[in-house]
Amino acid sequence: SRGDYERALRESVFCLCPRGSRGWSPRLMEAVWYGCIPVVLADDYWMPQGCFWDWTALAVLIPESDALKTKERLMELSLADVRARQRGLLQVRHHFMYHVNLQRGDATDMAF
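Predicted, not measured: the structure shown is a model, and the values here were computed from it.

About the criteria used
Residues numbered from 1 in each chain as written. Predicted model: local features only at pLDDT ≥ 70, side-chain atom pairs only at ≥ 80, totals over all residues. Heavy atoms only, no water. Helix = DSSP H or I, 4+ residues; strand = E, 2+ residues; numbered from the N terminus. Buried < 20%, exposed > 50% of the residue type's maximum accessible area, 1.4 Å probe, protein only. Contact = heavy atoms within 4.5 Å. Disulfide = S-S within 2.5 Å. Salt bridge = Lys/Arg side-chain N within 4 Å of Asp/Glu carboxyl O. Pairing = 2+ DSSP bridges. Axes fitted to C-alpha atoms, helices over the stretch in contact; angles between N-to-C directions.

A. Up close: the environment of Leu 41. Mapping Leu 41 onto the fold places it in strand S2 (residues 37-41). Leu 41 gets classed as buried once you look at its relative accessible area, which sits at 16%. Not counting residues up to four positions away in its chain, the partners in contact with Leu 41 are Leu 16, Cys 17, Pro 18, Arg 19, Ile 62, Glu 64, Ala 67 and Thr 70.

So this is what it looks like as structure tokens:
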């Protein structure tokens, strides 16, 4: 169910975000919204608002050719690095949220 899916995202440290059929995937936004570190398995992936922050400090970016090494890459991260990424996501996630009434710095405001 949708509730189970959202709970799984909230309780996960890492969320896989493989490239979809386009240049980005809604899985990335869902991971950010729920504070789950995105693990982007993709080449030529469009990282939203990439001119505003360094995605390498927020997510784990893995080329498609290294997909089989994903577990190794995640195990190499220190606890301090994981916590830093989680803190970074919490600091920027409001920029990825939409609101009925425009809020300064939300996704709609960032687009204009």
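B. Representation of the state of the cysteines. Applying the stated rule across the entire model yields 1 disulfide. Covalent S-S linkage joins Cys 15 and Cys 36, the inter-sulfur distance amounting to 2.0 Å. Residues Cys 15 and Cys 36 share a disulfide whose torsion about the S-S bond is about 110 degrees; that sign makes it right-handed. In this pair, Cys 15 is assigned in strand S1 (residues 14-18) and Cys 36 in the loop between helix H2 (26-33) and S2, connecting sequence segments 21 residues apart. We note that Cys 15, like Cys 36, is buried. Cysteine Cys 17 is unpaired, with the sulfur of Cys 15 as its nearest cysteine sulfur at 6.3 Å.

C. Region of interest: the pattern of salt bridges. Using the criterion set out here, one finds 5 salt bridges in the structure. Note that Arg 2 and Glu 30 form a salt bridge whose closest N and O atoms lie 3.9 Å from each other. You can see Arg 2 sitting in helix H1 (residues 2-11) and its partner Glu 30 sitting in helix H2, a full 28 residues away along the chain. One salt bridge in this structure joins Asp 66 and Lys 69, with 3.9 Å as the shortest N-O distance.

D. Structural view of the sheet that holds S2. Strand order in the open sheet formed by 3 strands is S1-S2-S3, and the pairing between neighbours is parallel. Edge positions in the sheet fall to S1 and strand S3 (60-62), since each has one partner strand and no second. Between one strand axis and the next, the sheet turns through 20 degrees on average, direction left out of account. Pairing of S1 with S2, which is carried by 5 bridges, proceeds in the parallel orientation. From the neighbouring strand, Cys 15 faces S2, where its bridge partner is Pro 38. Lying on the sheet, H2 is in contact with S1 and S2; it crosses S1 at an angle near 165 degrees. Across the face of the sheet, helix H4 (residues 79-92) comes into contact with S1, S2 and S3 while running at roughly 100 degrees to S2.

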